[in-house]
Amino acid sequence: MAVNMTNRLKQVLVALGCVCGVSTSMVQAQSTAAPRNFPNKTVRIIVGQSPGGGGDILVRLIAQKLTERFGQSFIVENIPGASGMIGMSLVARAEPDGYTYFQTSSASYNNAVLSGNASFDVRKALIPVAQLSSAPNVLSVNASLPIKSVKDLIAYSKANPGKLNYSSGGIGSSSHLNGELFKSRGGIEAEHIPHKGVGPALLDLVSGRVQFTFASATATAPHVKTGKIRAIGISSIKRSPNLPDLPTISESGLAGYDFTGWIGMMAPAGTPQAIVVAMNRPIAQTLRSPEVMKVLTADGTDPAPGTPEDLQAAIDTALSVATKLVKDLGLQLN
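A brief report on the enclosed structure follows. None of these values were measured; they are calculated from a predicted model.

With respect to the environment of G170
If you trace the backbone, G170 turns up in the loop between β6 (165–168) and α8 (174–186). Taking the C-alpha atoms as reference points, G170 and V198, 28 residues apart in sequence, are found 7.9 Å from one another. The residues touching G170, leaving out its near neighbours within four places in the chain, are H176, P194 and H195.

Here you go:
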């Protein structure tokens, strides 16, 4: 299985390089009909990160497809800063007329809700339009260790108390929260070593400074290829179609384990529900196209076409897990 899984990870490389959420009435927003000529002017999609990331590439492709479908320009604007909060606040204050959207991720959304840094209630200021992808993390260990499975890692940690470290892409990142959830569910001790991004976190794993980490399939794959690290599990409740030979952590002994990131499109609260639906349907269709599937595979994520309610469910699930971790473990996301 390890060989098949490694080959699958290589294939990723060769593709393109709570807490309750919004209330039902809020998600449904206004039920007025969408204007017949919608959209009749340029539509803005704000991205809270710098250009070039997987989410940015994906949303630009979707914007291109929406431009072709509607015959009206959909432009992407990158407004990075404060873990996405600058762009998010801009959209939260925008006119809810269907011409401004925000592309966000579970990491930035969780930080906005849980850090206490937001100047507005994120859960009330934005409503879901469409989930674009789901992004499980791959759990990997240093290949020099006698660890071939999740059960092996748990047993190794208990046989070596106080000697394990794990790295993450930063405080509040999905790799950090996955690490803390794994520690809690597995009953193990491990020191958290945060970094400014998953790249440095993985280099720490390769060097042996830490014993395990969580990261995307794309980031993990090159190091699996060199034989320096070993992938032993994936954080989603179901196996990833991109990595069907890699077992889930849930099926590997921690039943029900599920911490999957997501990328989604949000709109200002009060945006008419008819416009939300008018946007959701072509986005969902675009996500099923071969061209978009190729981009998703390259980024190690899975397509997640669905309704606004599906995205709300993903938000609620991620926030529920993250909130419990923050509360139970006293995590600081600032």
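So, the sheet that holds β6
Ordered by their spatial adjacency, five strands build an open sheet running β7-β6-β8-β5-β9, and the pairing between neighbours is mixed. Only two strands of the sheet have a single neighbouring strand rather than two, namely β7 (191–194) and β9 (229–234). Between one strand axis and the next, the sheet turns by 30 degrees as a mean value, whatever way the strands run. Strand contacts of α8: β5 (138–142), β6, β7 and β8 (212–215), with the helix running at about 150 degrees to β6, the strand carrying the most contacts.

Here's the deal with the layout of surface pockets
Space inside the second largest pocket adds up to approximately 470 Å³. Looking at the second largest pocket, it is lined by 21 residues, and the ones nearest its centre are Q131, S134, D258, T260 and A314. The set of elements that each furnish at least two residues to the lining of the second largest pocket consists of β4 (126–135), β10 (261–268) and α13 (308–329). Counting residues per element, the lining of the second largest pocket draws most heavily on α13, which supplies five residues. When its residues are assigned to classes, the lining of the second largest pocket shows nine nonpolar, seven polar and five charged.

Observations regarding the packing of aromatic side chains
Going through the model one piece at a time under the given rule, you end up with five aromatic pairs. Aromatic side chains F38 and Y99 sit 5.3 Å apart centroid to centroid with 65 degrees between the ring planes, which places their arrangement in the edge-to-face category. Placement of the pair is F38 in the loop between α2 (24–28) and β1 (43–47) and Y99 in the loop between α4 (85–92) and β3 (100–105), with a sequence separation of 61 residues. The exposure classification of F38 matches that of Y99, with both residues buried. The ring of Y99 carries K41 above its face, with NZ or CZ at 4.8 Å from the centroid.

Looking at the pattern of salt bridges
In the structure shown here, the tally under the stated rule is eight salt bridges. Between R60 and D56 there is a salt bridge, with the nearest N and O atoms lying 3.1 Å from each other. Taken together, the residues R60 and D56, both in helix α3 (residues 54–70) and four residues apart, mark about one turn of the helix. For R60, a relative accessible area of 36% corresponds to the partly exposed category.

Observations concerning the environment of K324
Positionally, K324 belongs in helix α13. Judged by relative accessible area, K324 falls into the exposed class, the value being 55%. Taking C-alpha positions, K324 is 9.6 Å from L181, a pair spaced 143 residues apart along the chain.

Focus on the sheet that holds strand β11 (residues 302–303)
Reading across from one edge, β2-β1-β3-β10-β4-β11 is the order of the six strands in this open sheet, with mixed pairing throughout. Strands with a single pairing partner mark the edges of an open sheet, and in this sheet they are β2 (74–78) and β11. Where β4 meets β10, eight bridges bridge the pair, whose relative direction is antiparallel. Residue pairing for β10: L126 is matched across the bridge by P268. Set on the sheet, α13 makes contact with β4 and β10; between it and β4 the angle comes to about 75 degrees.

Quick word on helix α11 (residues 273–287)
Because each turn of an α-helix spans 3.6 residues, side chains separated by three or four positions end up pointing in the same direction. The end-to-end C-alpha distance of α11 is 21 Å, a good match for the 21 Å that 15 residues give at a rise of 1.5 Å each. Burial in α11 covers these residues: Q273, I275, V276, M279, N280, P282, I283, A284, T286 and L287.

Regarding α8
Compared with an ideal rise of 1.5 Å per residue, which puts 13 residues at 18 Å, α8 spans 17 Å between its outermost C-alpha atoms and is within 8% of the ideal. Among the 13 residues that make up α8, 10 are buried, leaving the element largely enclosed by the rest of the structure. All of the buried residues in α8 are S175, H176, L177, N178, G179, E180, L181, F182, K183 and G186. Just downstream of α8 lies G187, where phi reads positive at about 65 degrees.

A short note on the side chain of S105
Within the element layout of this structure, S105 appears in strand β3. Setting aside residues no more than four positions away along its own chain, S105 makes contact with W262 and I263.

A short note on the pairing of β3
Side-chain positions along a regular strand alternate between the two faces of the sheet. Of all six residues that make up β3, six are buried, and the element is covered over most of its length. In β3, alternate side chains face the same way, and those of T100, F102 and T104 on one face and Y101, Q103 and S105 on the other are all buried. Sheet topology note: the β1/β3 ladder contains four bridges and is parallel. Opposite V47, over in β3, you have Q103 as the bridge partner. As defined by bridge partners, β3 adjoins β10 across four bridges and the pair is classed as antiparallel. Residue pairing for β10: T104 is matched across the bridge by G264.

Calculation rules
Residues numbered from 1 in each chain as written. Predicted model: local features only at pLDDT ≥ 70, side-chain atom pairs only at ≥ 80, totals over all residues. Heavy atoms only, no water. Helix = DSSP H or I, 4+ residues; strand = E, 2+ residues; numbered from the N terminus. Contact = heavy atoms within 4.5 Å. Pairing = 2+ DSSP bridges. Axes fitted to C-alpha atoms, helices over the stretch in contact; angles between N-to-C directions. 1 Å grid on protein atoms, 1.4 Å probe; cavity = no way out; pocket = protein on both sides within 12 Å on 5 of 7 lines; lining within 4 Å. Points joined across faces, edges and corners; volume = space filled by probe spheres on them. Nonpolar A, V, L, I, M, F, W, Y, C, P; charged D, E, K, R; others polar. Phe/Tyr/Trp six-rings, centres within 6.5 Å; stacked < 30°, edge-to-face > 60°. Buried < 20%, exposed > 50% of the residue type's maximum accessible area, 1.4 Å probe, protein only. Lys NZ or Arg CZ within 6 Å of the ring centre and 35° of its normal. Salt bridge = Lys/Arg side-chain N within 4 Å of Asp/Glu carboxyl O. Expected span 1.5 Å × (residues − 1).

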